[in-house]
Amino acid sequence: MEIIPGSREPLLINESGFGESAEIKIQVRGLTKVSDKGISILNNVNVDIPKGIIMGVIGPSGSGKSTLLRSLNRLWEPPSNTVFLDSQDICDLDVLTLRRKIGMLFQLPVLFEGTVADNVRYGPQLKGKKLSDNEVYKLLNLADLDSSFFSKSGGELSVGQAQRVALARTLANEPEVLLLDEPTSALDPISTQNIEDVLVKLKREQNLTVVMVSHSIKQIKRIADIVCLLVNGEIVEILKPDQLSEAKHPMAQRFLELGA
Ligand SMILES: Nc1ncnc2c1ncn2[C@@H]1O[C@H](COP(=O)(O)OP(=O)(O)O)[C@@H](O)[C@H]1O
Ligand SMILES: [Mg+2]
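Since we're looking at a predicted model, the values are computed, not measured.

### Some details on the site of ligand 1
Thought 1: Close to ligand 1 lie Ser35, Asp36, Ile41, Gly59, Ser61, Gly62, Ser63, Gly64, Lys65, Ser66 and Thr67.
Thought 2: It is helix α1 (residues 65-71) that contributes the most residues to the shell around ligand 1, three residues altogether.
Thought 3: Looking at side-chain class alone, the shell around ligand 1 contains one nonpolar, eight polar and two charged residues.

### Regarding the sheet that holds strand β10 (residues 234-239)
Thought 1: Read across the sheet, six strands follow the order β6-β7-β8-β3-β9-β10 without closing on themselves; strand pairing throughout is mixed. Looking at the sheet topology across the chains shown, the edges are occupied by β6 (102-105) and β10. Strand-to-strand twist in this sheet, taken as the mean axis angle between neighbours without regard to direction, amounts to 20 degrees.
Thought 2: As paired strands, strand β9 (residues 226-231) and β10 are joined by five bridges and run antiparallel to one another. Across the sheet, residue Val231 finds its bridge partner in β10, namely Glu234.

### A few points about the nonpolar core
Thought 1: Of all hydrophobic cores here, the largest spans 67 residues; its most connected members are Val57, Ala168, Val211 and Leu229.
Thought 2: Each residue touching Val57, except ones within four places of it in the same chain, is listed here: Lys65, Leu68, Leu69, Val211, Met212, Val213, Cys228 and Leu230.

Conventions we followed
- Residues numbered from 1 in each chain as written.
- Chains lettered and ligands numbered in written order.
- Predicted model: local features only at pLDDT ≥ 70, side-chain atom pairs only at ≥ 80, totals over all residues.
- Near = placed C-beta within 6 Å.
- Helix = DSSP H or I, 4+ residues; strand = E, 2+ residues; numbered from the N terminus.
- Nonpolar A, V, L, I, M, F, W, Y, C, P; charged D, E, K, R; others polar.
- Pairing = 2+ DSSP bridges.
- Axes fitted to C-alpha atoms, helices over the stretch in contact; angles between N-to-C directions.
- Core = buried A, V, L, I, M, F, W, Y, C linked by C-beta atoms within 7 Å.
- Buried ≥ 20, exposed ≤ 12 C-beta atoms within 10 Å, placed from the backbone.
- Contact = placed C-beta atoms within 7 Å.

In structure tokens, the structure reads:
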């Protein structure tokens, strides 16, 4: 696929094999961010994220991956008319409603005080809904945690288990999109695989749209349907994971060679 840097045209994911009918969940149009010191952080980012796929975001550190991800649920407030969820400008949506629809996980999970069940119940409780024990068990199960975790406190858990609790807590809000910022970089290989399996299952069974920043090209190859390569705040390539070797941008090529 030809990439025109700085072009205002969206990159056409359809050309990457998702077909004409792929429903677009999130559109990013002309998204630019300049730091207080006048340094460009994101430079005219345009991308369509199809519904029900896992999009991997990779690129050198400092290239703007976290900033891009955070703009999608307004942890960083994008300018109006740059990010659309189901064709609606996210700046027009109530921010809490938006963050329920677009859940996010970070590199290190932060659990609230109390039990695992308290954590999972947190989001629905804010809306005045108390999840039954059964509903909590179902969510734990969805995040690949058995029922023995229900009454445990955060301090009793490994980082990998805590990350799955954070996932269950996010899923309790019934999100349509999950944003993941290097969610497995602090985890051992088995915990990493557990999380990857859960993500693939959620995509398949619930048509969840996932946008995942990863420093691991191998991980992206394992689970992503499409990969977005960010260099210096610009999307320089959008490729299928098995086409990464075809990247044309010199920085992208270098990054992929070193990370392979
Ligand atoms: N709030 C901010 N103010 C100024 N500079 C920032 C801010 N947030 C991020 N940056 C800078 O923007 C660039 C991209 O950061 P980030 O999105 O965290 O990159 P990545 O996640 O790819 O490592 C970095 O150079 C970082 O120092
Ligand atoms: Mg980052």
